[in-house]
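# Geometric and topological summary
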Amino acid sequence: MLIGVPLETAAGEKRVATVPEVVEKLVKLGFSVAVQSGAGDAANFADDTYRAAGAEVVPTAADIFARADIVFKVRAPGADEVAQLRAGSTLIGFIWPAQNPELMQQLAARKVTVLAIDSLPRQLSRAQKMDALTSMAGISGYRAVIEAANAFGRFFNGQITAAGKIPPAKVFIAGAGVAGLAAIGTAANLGAIVRANDTRAEVADQVVSLGGEFVKVDYEEEGAGGGGYAKVMSEGFQKAQREMYAKQAREADIIITTALIPGKPAPKLITAEMVQSMKPGSVIVDMAGEQGGNCELTVPGEAVVRHGVTIIGYTDLVSRLAKQASTLYATNLWRVTEELCKTKDGVINVNMDDDAIRGLTVIKEGSITWPPPPLKLPVAAPKPAAAAAAAPAKKGHGHGGGGEPMSGQSLATVFGVGALLFALVGLYAPASFLSHFTVFVLACFIGYMVVWNVTPSLHTPLMSVTNAISSIIAIGALVQVAPPLDAAGAANRPNALILGLAVFALALTAVNMFGGFAVTRRMLAMFRK
């Protein structure tokens, strides 16, 4: 089957639906690929790079639509593109079926099969590799901070210079989904003071882990919706949220909004009064501009100044990093194609019994199949009552066990019993034993305290370096290989068997030592910026 990739015609769209390195992978799956000339120019992928990867470069979009069995696109097709689709072909790209009912009817009339990449059931763990929404959201969140920095008239990080003190910028991010988290990480890395809010309380830890502060709304309500999105909140929650946003608007230098609810206009979070309360020179980046915007004064696709505040409503944030975005999006489509062509013979099978493919498929051979039936996710087995009753007993079992620290009374009891046992050992054990016993007790105490006070994320590198240090037993092997001299100055050579075992033990411990330190170094590098 032939996969066709036309040039994107939407205004400001610079992405391309596949890239040369992905073309090679599609060819290995048994497909042939045709790309319209110039389709990758805006993303810095020349026609020659596609030819070198094994794709055919054709002059016009009409050549793509007339021949392709599968059409890869980024944006939803326009009316002229729909008219060129060949009956029986398959279209894969962003469709947004809830927002484009007319487009759905037009596509169904062409008797095509349509897989909307935006309809992927994101609850499925195996769907992550196909999740183009997440890929694009991460890029847009990063780019939103870059646009804010460009429009902001000051450093993000605080500095003390000979000319005076520069305070750090204060950034508030409304919405901590994928885009919001990407923005939090980018702004924090630039040195700003970052605060964020989301209706889903479970993202608070993620915000903190990226260097931000989670600002909670003073109202208890769960905000998690289906598919990883937030839901529409009650009027009481929204009132409390508006009060919190008003306070943040007065304090923040930069506000980045990311709030979207599938199938609905973007919720209005930032009012005109909030904009007016912001400091002159402040910046708002409204990432929901394409769906009407989260700010009342946003002009989709433009950057405007209102009350001295720059409001950026660009709808092409992802396209402003076209090469990176195209590469990630092309990889997502390749993963979808892998699922459609598990036989690797260049023929796709739109299997409606597959939950992921069923969710993607909004039109099957001219019949509208959207919305899909609810996913039948596995239900977690209820915990036995005995396990629930035993849960409090875990407290005090130490840091590694995940329980709470011991109470003062329990700790005193443990130390009292230990002191009594040591006293008995000291009274009745021989002196030669006591010296070794003292070293043993100190080693246990130091080792326990070291593990207790290390953050859980560093436990594995700690164990690897401990493993390396424990290879001090190599000294025993060295003593056997090169024994000390006796009183007469002669060496006590061991027999051949002992010598062979010593050399073998020395080789193993050397691997253990160097390997342990090497693993520790690599793992600790993961925690460094």
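Further up the page is the structure itself.
Residues numbered from 1 in each chain as written. Predicted model: local features only at pLDDT ≥ 70, side-chain atom pairs only at ≥ 80, totals over all residues. Heavy atoms only, no water.

Taken together, the side chains of V417, L420, L421, F422, L424, L427 and Y428 present a nonpolar region at the surface, about 790 Å² in accessible area. On the secondary structure map, L424 appears in helix α14 (residues 408-428). (Patch = residues over 30% accessible without salt bridge, like charges linked within 9 Å, V, L, I, M, F, W, Y side chains within 5 Å. Areas by Shrake-Rupley, 256 points an atom, 1.4 Å probe, with all protein chains shown as cover. Salt bridge = Lys/Arg side-chain N within 4 Å of Asp/Glu carboxyl O. Helix = DSSP H or I, 4+ residues; strand = E, 2+ residues; numbered from the N terminus.)

The strands making up a sheet associate through hydrogen bonds between their backbones, and the pairing can be parallel or antiparallel. Taking strand neighbours across the sheet as the criterion, the eight strands line up as β3-β2-β1-β4-β5-β6-β16-β17 in an open arrangement whose pairing is mixed. Each edge of the sheet is formed by a strand with only one pairing partner; in this case those strands are β3 (56-58) and β17 (367-368). Where strand β5 (residues 90-93) meets strand β6 (residues 113-116), four bridges bridge the pair, whose relative direction is parallel. Within the sheet, the bridge partner assigned to T90 lies in β6 and is T113. Sheet strands touched by helix α5 (residues 101-109): β5, β6, β16 (361-364) and β17. Its angle to β16, the strand with the most contacts, is close to 40°. Sheet strands touched by helix α11 (residues 322-340): β4 (70-72), β5 and β6. Its angle to β5, the strand with the most contacts, is close to 140°. (Pairing = 2+ DSSP bridges. Contact = heavy atoms within 4.5 Å. Axes fitted to C-alpha atoms, helices over the stretch in contact; angles between N-to-C directions.)

So, on to the environment of V425. Looking at where V425 falls in the secondary structure, it is placed in helix α14. Apart from the residues lying within four places of it in its own chain, the contact partners of V425 are F433, L434 and F437.

Turning next to the environment of Y245. Considering the arrangement of structural elements, one finds Y245 in helix α9 (residues 235-251). Here the alpha-carbon distance between Y245 and I255, two residues ten residues apart in the chain, equals 9.9 Å. Y245 has contacts with F172, A174, N197, L269 and M274, leaving out every residue within four places of it along the chain.

One open sheet accounts for seven strands, arranged β11-β10-β9-β12-β13-β15-β14; its pairing is mixed. Sheet topology places β11 (213-214) and β14 (303-306) at the edges, where each strand pairs with a single neighbour. Note: strand β9 (residues 170-174) against strand β12 (residues 254-257), four bridges, orientation parallel. In the strand pairing of β12, I173 is matched with I256.

Geometric values such as these leave the question of function open.
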